[in-house]
Amino acid sequence: MRLGRSVRSYGLVTLITLLIWLYAEGQDVTSDARKLEITLPARVGQSTVVDFADGGERVLVSFNASGASTQLSELRTRLGSVLELTLEPDDLPAGGRATLRLEELLERAVVGGGSTIAELGVSVSSVDPAVIEVDVDQLDAREVRVVLNAEGVELASERSIEPGTVTITAPKTLFAQYAGSEDALYVEAELKGETLVQIREGVETRRALPLGLAPIFAQSKHVSIEPTAVDVTFTIVRQQSTVQPDSPLPVIWVLGQSDEYAIEMAQADRYLEDVTITGPSDLIQRIVDKDPTLRIVARLDLIGDLMPGEQSKELTQVEFQEVSGGRTSLLYGVPLNPAAVGGDGTSEQTPAFVSSQITVKAKNTVVSFTVSKRGE
C-alpha cells in the first residue's frame, strides 16, 4: 500500500514537471530589437509640463523587447513609429532639470488598443539611450490685457475691447522671465488684412476677433488663452505707412553699474543698419520729413555683472524720442522680438522689434563691444 502511494506521487510529480516543460517550450521566449521615436505628454497631472532638455519634440531610441513569439508579434502589430511616454507627477520634480530612466517608462507606455507594453507580456531588457534629460515646469494662470493689433491701419483713440483682459495659462518660468515687466504680458486681438478690406474708414465698427499670442508667449507650446476671442469696437482713421530711414540708427548703451567700466564699440556696431519701420502714418511722415525734433535710436541695456573683455549682446529696443527745449522724452519704445533672437529680423514674418503699434525690421540685432575698467 505504501509502495503504491509512492509510485502514484512520483508519477504526479513527473507529470507536473512535464507540463511545466511543455508550457515553457510553447512560450518560445525570444527578444526583438526595435527602433522608434518617443514623445512626451502634453501635460502630466493637472499642472505639470515637461519638455526634452535639448528643445526637440522627439527622441529616437533603440530597445530590446523580450517575450513569447506571439506576444512580440502582438507588440509589433500595435506599435507604430512614434510612442508617447506615460508619465505621472511622482516621476518628476516640481521644476527644473530631471533625468528619467527609459526602461521602466517604455514598459508602461500605452500602445495601440489601450494596453501597455508590460500588459502585453513583454519586458524591455535594454534601451539606448538609457536615460533622457527633461525640463519640468508648472503651469500658472494670469490675467493679461488684450491689445488690438490692426495690421496696416491707424485707429482712432476711442475703442473698446470686451473683455479687456483674458486668462493666459503658461509655464511659471515664462512668467518669471518678465517679472516686473508686466507691459510685455499681453495677447492680441488680430484685425487682419482680409477683414480690413470690408471696413470703411471713419465708421465705428464692432467685430468679434480671434486672439493671438504675443511673441513672448509664442516661445512655449504650453500656452493657452481663455476665452479665445473678444468683441472689439473701433474706427479706422487712416492706413499705416512704411519707411526706410536714409541713415542707420545710432546705438546707445545704458550701464547698470556706476562709471567703473568703459565700453568701446567698433564703428560697425555703433549703428543699426538696413532698417525698415512700419507705424502710424503721422509718425512715418515725420521720419520722411526728417523732423529735427524726432530722434530714433537703438538701445542696448548692459545690466548685470560686466566682465572685462570682448562681449556681444542683443539690442534691447528701438526708441522714438521727442527732443524739445533741450529735453528728451520717450514717444515709443519698441522691444526686441524674442522670435527674432539669433535669426534674421528682416523676414516678413519675424520683425526684429515689435510693439502693438510699430514694427522695425533690421539686418542684425547683435552688437559686439569691449569692456574695460577705467584707469587700467
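Definitions and cut-offs
Residues numbered from 1 in each chain as written. Predicted model: local features only at pLDDT ≥ 70, side-chain atom pairs only at ≥ 80, totals over all residues. Heavy atoms only, no water. Helix = DSSP H or I, 4+ residues; strand = E, 2+ residues; numbered from the N terminus. Contact = heavy atoms within 4.5 Å. Areas by Shrake-Rupley, 256 points an atom, 1.4 Å probe, with all protein chains shown as cover. Salt bridge = Lys/Arg side-chain N within 4 Å of Asp/Glu carboxyl O. Pairing = 2+ DSSP bridges. Buried < 20%, exposed > 50% of the residue type's maximum accessible area, 1.4 Å probe, protein only. Polar contact = N/O pair within 3.5 Å; in protein donor to acceptor, adjacent residues only side chain to side chain.

Engineer: Can you explain the overall build of the protein chain? Please cite residues and give values.
Structural biologist: Each helix and strand in the protein chain was counted, giving 6 helices and 27 strands. Put simply, of all contacts in the protein chain between residues at least 6 apart along the chain, 70% involve residues at least 24 apart. Total accessible area on the protein chain stands at roughly 20,900 Å², and carbon and sulfur atoms take up 49% of it.

Engineer: An account of the pattern of salt bridges is requested, with residue identities and associated values reported.
Structural biologist: Within this structure, the stated rule accounts for 17 salt bridges. Notably, a salt bridge pairs Lys221 with Glu57, separated by 3.2 Å at the nearest N-O pair. Of this pair, Lys221 sits in the loop between β12 (205-213) and β13 (224-226) while Glu57 sits in the loop between β2 (48-52) and β3 (59-68), and the two are 164 residues apart along the sequence. Salt bridges linked by common partners bring Asp51, Glu57 and Lys221 together as one network.

Engineer: Go over the sheet that holds strand β21 (residues 294-302), please, and point to the residues and values.
Structural biologist: Spatially, 5 strands are ordered β19-β17-β21-β23-β24 in an open sheet, and the strand pairing comes out mixed. At either end of the open sheet lies a strand with only one pairing partner, and these are β19 (271-272) and β24 (327-335). Looking at chain direction, strand β17 (residues 249-255) and β21 are connected through 5 bridges and run parallel. Residue Val251 lies in a different strand from β21, and its bridge partner there is Ala298.

Engineer: Describe in detail the environment of Glu314, supporting the description with residues and values.
Structural biologist: Take Glu314: it is sitting in strand β22 (residues 309-314). Given a relative accessible area of 18%, Glu314 falls into the buried group. Separated by 14 residues in the primary sequence, Glu314 and Leu300 place their C-alpha atoms 7.4 Å from one another. Side-chain polar atoms of Glu314 contact the side chain of Thr365, separated by 2.4 Å.

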